[in-house]
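# Survey of secondary and tertiary structure
One letter stands for each residue in the lines below.
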Amino acid sequence: MFNRRKFIKASALSAGLLAVNKNSIAEVLPKNTSNTVNKPIVISTWDFGVAANADAWKVLSKNGNALDAVEQGVWVPEADESNQSVGYGGLPDRDGKVTLDACIMDELGNCGAVLALEHIKHPISVARKVMEKTPHVMLAGDGDLQFALEQGFKKENLLTPASEKAWKEWLKTAKYEPAINVENKLYDKAAPQKLPGNQYNHDTIGMIAMDFKGNLSGACTTSGMAYKLHGRIGDSPIIGAGLYIDNEIGGATSTGVGEEVVRNVGSFLVVELMRQGYSPEDACKEAVMRIIKKKPETAKNIQVGFLAMNKKGEYGAYAIQKGFSYAVCDSQKQDLVIKGKSYY
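Residues numbered from 1 in each chain as written. Predicted model: local features only at pLDDT ≥ 70, side-chain atom pairs only at ≥ 80, totals over all residues. Heavy atoms only, no water.

### Notes on the state of the cysteines
Let me state the cut-off plainly: The disulfide criterion used throughout: a pair of cysteine sulfur atoms within 2.5 Å. Accessible area is worked out with a 1.4 Å probe on protein chains only. A residue is then buried under 20% of its type maximum, exposed over 50%, and partly exposed in between.
Enumeration over the complete set of coordinates arrives at 0 disulfides. No disulfide involves cysteine 103; its sulfur sits 5.3 Å from the nearest other cysteine sulfur, which is in cysteine 220. Given the relative accessible area of 0%, cysteine 103 is considered buried.

If you want it as structure tokens, here you go:
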């Protein structure tokens, strides 16, 4: 029979196990456990995200939806010819061609992407057309250009004089061969400040927004790594790598050397970690640590950063190297720039 003494022992044991479980869970739960939700809000990678967020905020502050906000927001760096890592004015590949990658994702899981798109200033809008007008998720190369022109987009030259000059200067010392991380080797000793992924070569803008209704959407757009092999695709237009949105949990995006993000399906990983109870920052950190653990020597010389936001409007970031920053815009402050934490 289950007597009173056994019952007391069993109750004490259960209480002890519950206490252990609570302590274990507390290590991965978001620090802010309040029931308040910070919305609307928009976050994006790098300091140039401030201007992008400002345009996204024009939509969000008028009760607009998150999808329209992220599209309008990333138009800003896409059209900025002084930004040589996104859109118009982006540094070309080794053949001198500016090829653009972008993807977009809404709260329903709908998504669209364009890969290696030439001659179109706003690839994010073409990606949205792919999502809304076709049964596909991705279009690439000549096909996405053909589709863009059919949708009424204007064909134009994206190689600015400044970027063409930089490319021709690069050709003087660059060996035209598919060497791994040749971009890093060109700069790591002579000009380490120009390594891909740092403040002089941002590589990508990723943006996540939550509107008044609490719905999330995200966008990611880039001209890719400077002087890449023609046809190279990084993580930016790949759903689950450069961007992922789950309207029940949150969203994540990435920046830096995309090959390593793709190998770890980085943004999807971050969202899944948040599903398990990790805070946005801790989820980003774990994704970074997986890259470092798999390739510790490679990680010393590259930059990868993740940025995430959960359904409460809590956000966080983490990178391999110092120098990664992100911008935040909400009802309290519209031009906040935060230095992301890093492993090195």
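Having seen the model, we can carry on.
### Notes on the environment of glutamate 78
What counts, and what does not: The helix count covers DSSP runs of H or I at least four residues long, the strand count covers runs of E at least two residues long, and both are numbered beginning at the N terminus. Contacts were defined at the residue level, with two residues in contact if any of their heavy atoms lie within 4.5 Å.
Summarising the element assignment, glutamate 78 is placed in helix α3 (residues 66–79). Assessed through its relative accessible area of 0%, glutamate 78 is described here as buried. Setting aside anything within four residues of it in sequence, one finds glutamate 78 in contact with Val86, Gly87, Tyr88, Lys121, His122, Pro123, Ile124 and Thr221.

### A look at the sheet that holds strand β8 (residues 250–256)
Here is the rule: Here a strand pair is declared whenever DSSP counts at least two bridges between the two strands.
Across the sheet, 5 strands lie side by side as β7-β8-β9-β10-β13; this open sheet has mixed pairing. Only two strands of the sheet have a single neighbouring strand rather than two, namely β7 (243–246) and β13 (341–342). With 4 bridges joining them, β7 and β8 adopt antiparallel strand pairing. Residue pairing for β8: aspartate 246 is matched across the bridge by glycine 250.

### What to know about the pairing of strand β5 (residues 205–210)
Among the 6 residues in β5, 6 count as buried, and that is most of the element. What you see with β5 is no split at all: Ile205, Met207 and Ala209 on one side and Gly206, Ile208 and Met210 on the other are buried throughout. Note: strand β1 (residues 41–45) against β5, 4 bridges, orientation antiparallel. Across the sheet, residue serine 44 finds its bridge partner in β5, namely methionine 207. Linkage of β5 to strand β6 (residues 216–222), two consecutive antiparallel strands, is achieved through a turn of 5 residues, within which glycine 214 is found at a positive phi near 85°.

### Here's the deal with the side chain of threonine 45
Short version of the rule: For the purposes of these results, a polar contact is taken to be a pair of N or O atoms within 3.5 Å, where, inside protein, one atom must be able to donate a hydrogen and its partner to accept one; residues adjacent in sequence count only when each atom of the pair is a side-chain atom.
As for its placement among the helices and strands, threonine 45 is situated in strand β1. The class of threonine 45 is buried, set by a relative accessible area of 0%. Within the structure, threonine 45 has its side chain in polar contact with the backbone oxygen of threonine 204 (distance 3.4 Å). Engagement of the side chain of threonine 45 in a polar contact is seen with the backbone nitrogen of glycine 206, the distance being 2.9 Å. Discounting chain neighbours no more than four positions away, the residues touching threonine 45 are Thr204, Ile205, Gly206, Thr253, Thr255, Leu307, Phe324, Ser325 and Tyr326.

### Overview of the confidence of the model for the protein
Our working definition: Think of pLDDT as the predictor's per-residue confidence, scored from 0 to 100.
In this model, the protein carries an average pLDDT of 86, and 82% of its residues clear a pLDDT of 70 or more. In this model, residues 6–33 is a region of pLDDT below 50 whose contacts with residues beyond four sequence positions or in other chains number 17 contacts. Considering only residues more than four positions removed or in separate chains, one finds that residues 195–201, a stretch of pLDDT under 50, has 21 contacts.

### Some thoughts on the sheet that holds strand β3 (residues 111–117)
Short version of the rule: In this analysis, axes come from line fits to C-alpha atoms, helices being fitted only over the stretch in contact, and the angle between any two N-to-C directions falls in the range 0 to 180 degrees.
The 8 strands are arranged β4-β3-β2-β6-β5-β1-β11-β12 in an open sheet whose pairing can be described as mixed. Looking at which strands have only one partner, the edges of the open sheet turn out to be β4 (138–140) and β12 (336–339). Looking at each pair of strands side by side, their axes are set apart by 10° on average, direction ignored. Of the pairings in the sheet, the one linking β5 to β6 comprises 6 bridges and is antiparallel in character. Counterpart to isoleucine 208 in the pairing with β6 is glycine 218. In this fold helix α2 (residues 49–60) packs onto β1, β5, β11 (325–330) and β12, with an angle of close to 155° to the strand it touches most, β1.

### A short note on the pattern of salt bridges
Stated precisely, the cut-off is as follows: Salt bridge, as applied in this entry: a Lys or Arg side-chain nitrogen positioned within 4 Å of an Asp or Glu carboxyl oxygen.
Here the structure, examined in full by the defined rule, presents 16 salt bridges. A salt bridge links lysine 295 to glutamate 260; the shortest N-O distance between them is 3.8 Å. Here the residue lysine 295 occupies a position in the loop between α10 (280–294) and α11 (296–299), and glutamate 260 occupies one in helix α8 (residues 258–263), the gap between them amounting to 35 residues. According to the relative accessible area criterion, lysine 295 is partly exposed, its value standing at 30%.

### Regarding the packing of aromatic side chains
Basically, it comes down to this: To pair, rings of Phe, Tyr and Trp, with the six-membered ring standing in for Trp, must have centres within 6.5 Å; the planes then decide the type, stacked if under 30 degrees apart, edge-to-face if over 60, and tilted in the middle.
Summed over all chains, the structure comprises 5 aromatic pairs. When the ring of tryptophan 46 is compared with that of phenylalanine 324, the centres are 5.2 Å apart and the planes differ by 80°; the resulting orientation is edge-to-face. Of this pair, tryptophan 46 sits in the loop between β1 and α2 while phenylalanine 324 sits in the loop between β10 (315–319) and β11, and the two are 278 residues apart along the sequence. Given a relative accessible area of 1%, tryptophan 46 falls into the buried group.

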